Amino acid sequence: NVEPVDLGLIVQEYVDIFQAKAALKNIELRDRRIFEKTAVFIEDKHLGQLLTNLLGNAIAYTPQSGVVIVEVGRLETAVSANGQTHAVVEESTPAD
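An account of the accompanying structure is given in this report. (Residues numbered from 1 in each chain as written. Predicted model: local features only at pLDDT ≥ 70, side-chain atom pairs only at ≥ 80, totals over all residues. Heavy atoms only, no water.)

1. Section: the environment of Thr-38
Move 1: For Thr-38, the location among the structural elements is in the loop between β2 (28-33) and β3 (39-42).
Move 2: Judged by relative accessible area, which is 2%, Thr-38 ranks as buried.
Move 3: Linking Thr-38 and Gly-73, residues 35 residues apart in sequence, is a C-alpha distance of 6.3 Å. (Helix = DSSP H or I, 4+ residues; strand = E, 2+ residues; numbered from the N terminus. Buried < 20%, exposed > 50% of the residue type's maximum accessible area, 1.4 Å probe, protein only.)

2. A closer look at helix α1 (residues 7-24)
Move 1: Between the first and last C-alpha of α1 there are 26 Å, a value that for 18 residues agrees with the 26 Å anticipated at 1.5 Å per step.
Move 2: Remark: the principal bend of α1, roughly 45 degrees, maps to Phe-18.
Move 3: Restricting attention to buried positions, one finds in α1 the residues Leu-7, Gly-8, Ile-10, Val-11, Val-15, Phe-18 and Ala-22.
Move 4: Taking the backbone nitrogen of Gly-8 as reference, a side-chain oxygen 3.1 Å away marks Asp-6 as the first, capping residue of α1.
Move 5: Immediately beyond the C-terminal end of α1, within one or two residues, lies Asn-26, with a positive phi of roughly 55 degrees. (Expected span 1.5 Å × (residues − 1). Bend = angle between axes of the 7 residues up to and from the residue. Polar contact = N/O pair within 3.5 Å; in protein donor to acceptor, adjacent residues only side chain to side chain.)

3. Some thoughts on helix α2 (residues 44-61)
Side chains of residues three or four places apart in an α-helix project in the same direction, reflecting 3.6 residues per turn.
Move 1: Taking 1.5 Å of rise per residue, 18 residues should cover 26 Å, and α2 covers 26 Å from first to last C-alpha, within 8% of that figure.
Move 2: Those residues of α2 that sit buried are Leu-47, Gly-48, Leu-51, Leu-55, Gly-56, Ala-58 and Ile-59. Here the buried residues of α2 occupy an arc of 160 degrees about the axis, which is enough to place them on one side. Those residues of α2 that are exposed and angled more than 90 degrees off the buried face are Lys-45 and Tyr-61. (Arc of directions from axis to C-beta.)

4. Topic: unusual backbone geometry
Move 1: Phi is positive for Asn-26, close to 55 degrees, though the residue is something other than glycine.
Move 2: Assignment of secondary structure puts Asn-26 in the loop between α1 and β2.
Move 3: A positive phi angle, near 65 degrees, is found at Ser-65, a position not held by glycine.
Move 4: Among the structural elements, Ser-65 can be located in the loop between α2 and β4 (67-75).
Move 5: The class of Ser-65 is partly exposed, set by a relative accessible area of 34%.

5. Observations regarding the nonpolar core
Move 1: Core analysis: the biggest nonpolar cluster contains 18 residues, and Leu-7, Val-11, Leu-29, Leu-47 and Ile-59 have the highest contact counts within it.
Move 2: At the level of secondary structure, the elements contributing two or more residues to this core comprise α1, α2 and β4.
Move 3: For this core, the leading source of residues is α1, giving six residues.
Move 4: Discounting residues that sit within four places of it in the chain, Ile-59 has contacts with Phe-18, Lys-21, Ala-22, Lys-25, Ile-27 and Leu-29. (Core = buried A, V, L, I, M, F, W, Y, C linked by side-chain atoms within 4.5 Å. Contact = heavy atoms within 4.5 Å.)

What follows is the structure, encoded as structure tokens:
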């Protein structure tokens, strides 16, 4: 079933789940919400698979002591006055 879910809340839950895996590589893992509530229509199962793949890969390919940030918010566009929901995963390498 496709139902509205709060993307920011779900992302926060997955970030919490992946904290231990990130800590093994001394990676700082955090989520950043641009808006408090960001509803999307998606099957929970598919969203879980997507976040597991994104966070797992981000941690796997981020070097030791790096940073992974998951950003969730609304993307304002010229086409849509209401904007579109977006999620971005950023990875960075540690400073030398």
